[in-house]
Amino acid sequence: MSSSVEARRAELERLRKALPANEAFEKWLAETGNLPPDFAKLAARPRVQDPLVVERDGRSRKVTAAEWPARRMELQKLVEDWLLGHAPPAEAAGNLRAVTQKVRRRRGAEARYVMLEFGPDYQAKLPCVLVLPEKAKRPLPVFVCQVVSYRLWMRRPLSENFAYCYTASGDDCPDMGAVPADWSRKFAKLFGDYDWSAFRRRGWAASRVMDWLVTLPEVDSKRIYIGGHSRSGKQALTAAAFDERFAGVIASSPGSGGSMPYRYCDQAVFGEAVEILTQVFPEWVHLGVRFFAGREHLLPADSHYLYALIAPRPVLMSTGIYDWVESTWAVEQVYQLTQPIYQMLGKPENLALRYRPHQHGWVRETCEAFTQFLTDVASGKAPGQRWRFAETAFHDWEYAEWAKKNPAQEPPRKDAPLQERLRWLLGEGPEFAAKAVKVGEGESDFQEKINVRNWPAPPQRVRCRFGEGVNGQLYFPTKTANGDAGLRGEPAKEGVRGLTPSPLPSPSGRERGSEVAGAGKLPGIVWLGPWACSNGYTGSYRCGDIAHMRLLKSGAALVAFDPLGTGARQMERRGFYERNPKWSLMGKMVADARHAVDVLLATPEVNPRRIYLVGYALGGMTAILAGAMDQRVAGVVSVAGFTPFRGDGPNSPTGGVWRWSHLYGWLPQLGAFAEGKEAEIPVDFGEIVGSLAPRPVLVVAPKMDRHAVLADVTAAVEEARRAYAKCGAAEKLTLHTPAEWNRLTDDIQDDVVAWIKGQGE
């Protein structure tokens, strides 16, 4: 047996131990004997791949318009091989026939209920309904969708001038007597042993509907469109990516595997990561995608290729600003990578992005916008003329433009005082000064509800406003039935995943803090969450408990707020560098964290000598930097928060410091050192952590974190430990390296709770 095969088998066992058991995945492994790929042979691409860039003779270059058809075929193969699986050729269903079962006429429209039959001996069957307005001019454009509920999109005047067709190839087809609802599942094995996923199969089924529609004299074969919302949006993207006859697409919140590339929706942003998507819906995508849980950067393809395959046909990307399955930042990244393809092919305004000020579901205005899109494209108007990206972008960042306006200044020397180097790193912002806190003021009821933080009821949760008008929530623990501090669970509610409901001891009928746990004053925690764009500090998809709730088990009071550019503060991100050209997003995040300390210091129940910053991912970096800047902080916990700058070069599997300056725009000062000069960066985490001595610090560095290099993190902590040793406090710096990737599990959260409980007066 080769060492490669042995390593792949060992990797499979590691994955089985790390992930919950999954019946569909195990069945597939048993039937196929498949093993994980040899990850050592896969190129690490932490940045989402540019579809226009190819590797030829050891060099990277962009393809031309003339080369695009060949490149498109390459992208199709990559998507099939790695993401969605393979489908039979279209000619396998070439004997298609339509059997009309009934015809209904109502409200000026004719509805034809048809059973499509195709494949060997016509065994494959697919029910669909075609609705034709009787007085409309023929031939008609048609909108294809997989569920009957999309009739809501067919509002006047569209219903008078458009036909629509819905099919039983999805999860919800109530009007068709579909048992199961997804009829495509019935013919999954009829055409041979194909490894197609549910979405590849459903998209192929939509093409069979197309085969029928193009034969009808009532239908304009050049104006057949497809669309859907959420999982149906994924299906629509897949269908159009592999069938160029679809003239345009509505992709409404298709989420992970759709508008959310896997690289940009892992647990470091509380996204619907590979591990979660393939656990809950294992057959939606190719079962082999599960191998890449925690290793998304090694995927040879990613979901934004679907948009590339549809270019230059009209597409409306639609997402909710507070959509828990998507991220406005990631959606904008996909738009920016796809737009150059449309530009190259001469149709730049065929790609449009529209935000709706809501969560995942759609509302009346959404339906009207989709109707407008279909009306526009059917009449030859480009959707980008109506929905201009430049007018909607929240994360409008271009490093090169910033650098032109802010020529690099001479950085401080490496032996300059640390505070001087930190001020250089964070940029020139307002001089920090503690500010008054307003308790009882803050977010509106609507904002609390839409960001899913209207629980528990006051007085255990209190609104507050601090710093430069930042809205937050102050949480207090209670005593549970067994005397432990903290909450025992949270009622399940729309938009929050992974919850285990359990009863909450009611705090009603008491004044704030009168029943808080502990005889003396409480420790205080500032919770600093990750880059969860749409939902802020509450997050959405989590493999562990709700962090700010579980932290209350430490017996501490806790203040939480949305990081800049996330949740209720997304609009604040827009134009930040126009208002603050010499500051940085991270500088503002650090200032906000320090002002959150003001909240705890102004809270009578909190011990001012026991205030801790606890952060995860982006929040973990913020916690380290804020703790180094603020002596009022008693200790810091950083979970998967950093990898040292100086070792984070262009060939690092993390993406290098380039991501902090060029991609996210969090620390633009690092841009002058990116991709080759990282070793010259004036300040790094070894000395930053060391500056916290002798205050207690817990660094949690998962061994398989793709966003960090464990050896470099370990070396930085050991460098800091020397500073702690000089203070006689070496034991106060703790490095914990769980056998995990970047995710905030219950075990890690419990380790943090135990650490906080272990810190005395």
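In this text the structure is predicted, and so the values were computed from the model without any measurement.

Rules and cut-offs
Residues numbered from 1 in each chain as written. Predicted model: local features only at pLDDT ≥ 70, side-chain atom pairs only at ≥ 80, totals over all residues. Heavy atoms only, no water. Helix = DSSP H or I, 4+ residues; strand = E, 2+ residues; numbered from the N terminus. Rg over C-alpha atoms; globule rule 2.2 N^0.38 Å. Buried < 20%, exposed > 50% of the residue type's maximum accessible area, 1.4 Å probe, protein only. Contact = heavy atoms within 4.5 Å. Lys, Arg positive; Asp, Glu negative; His and termini not counted. Charge placed at Lys NZ, Arg CZ, Asp CG, Glu CD. Disulfide = S-S within 2.5 Å. Axes fitted to C-alpha atoms, helices over the stretch in contact; angles between N-to-C directions. Parallel < 35°, antiparallel > 145°, perpendicular 65-115°, else oblique. Left-handed = near helix turned anticlockwise from the far one by under 90°. Nonpolar A, V, L, I, M, F, W, Y, C, P; charged D, E, K, R; others polar. Phe/Tyr/Trp six-rings, centres within 6.5 Å; stacked < 30°, edge-to-face > 60°. Lys NZ or Arg CZ within 6 Å of the ring centre and 35° of its normal.

Draft legend 1. Spotlight on the overall build of the protein. When you go through the protein residue by residue, the secondary structure sums to 22 helices and 20 strands. The globule rule puts the C-alpha radius of gyration for 761 residues at 27 Å, and the 27 Å found for the protein is close to it. The principal-axis extent of the C-alpha atoms belonging to the protein is close to 85 × 70 × 55 Å. In the protein, which comprises 761 residues, the proportion classed as buried is 61%. Summarising the internal contacts of the protein: among those between residues at least 6 apart in sequence, 72% fall at separations of at least 24. In the protein, 98 side chains carry a positive charge and 88 a negative one; their mean positions are 3 Å apart.

Draft legend 2. Broad picture of the state of the cysteines. One pass over the structure, following the stated rule, counts zero disulfides. The cysteine Cys 265 is free of any disulfide, with Cys 533 supplying the nearest cysteine sulfur at 12 Å. Of all cysteine sulfurs, the one in Cys 145 lies closest to Cys 367, which takes part in no disulfide; the gap is 11 Å.

Draft legend 3. Molecular detail of the packing of helix α3 (residues 68-84) against helix α6 (residues 231-242). It is the contact of α3 with α6, at a shortest axis distance of 11 Å, that shows an interaxial angle of 140 degrees. Taken together, the axis directions place α3 and α6 in an arrangement best described as oblique. At the point where α3 passes α6, the crossing takes the left-handed sense. Counting all contacts with α3, which are made through Arg 72, Gln 76, Val 79, Glu 80 and Leu 84, the residues of α6 involved are Thr 238, Ala 240, Ala 241 and Phe 242. Of the residues contributing to the contact of α3 with α6, the split by class is five nonpolar, two polar and two charged.

Draft legend 4. Just the packing of aromatic side chains, in detail. Evaluated as defined, the whole model comprises 38 aromatic pairs. Ring geometry for Tyr 664 and Trp 666: centres 4.3 Å apart, planes at 10 degrees, overall stacked. Aromatic rings pair up to connect Phe 118, Phe 187, Phe 191, Tyr 194, Trp 196 and Trp 204 into one cluster. Here Arg 290 stacks its cationic end above the ring of Phe 25, 5.8 Å away from the centre of that ring. Directly above the aromatic system of Trp 741 lies the positively charged group of Arg 743, at a separation of 4.2 Å from the ring centroid.

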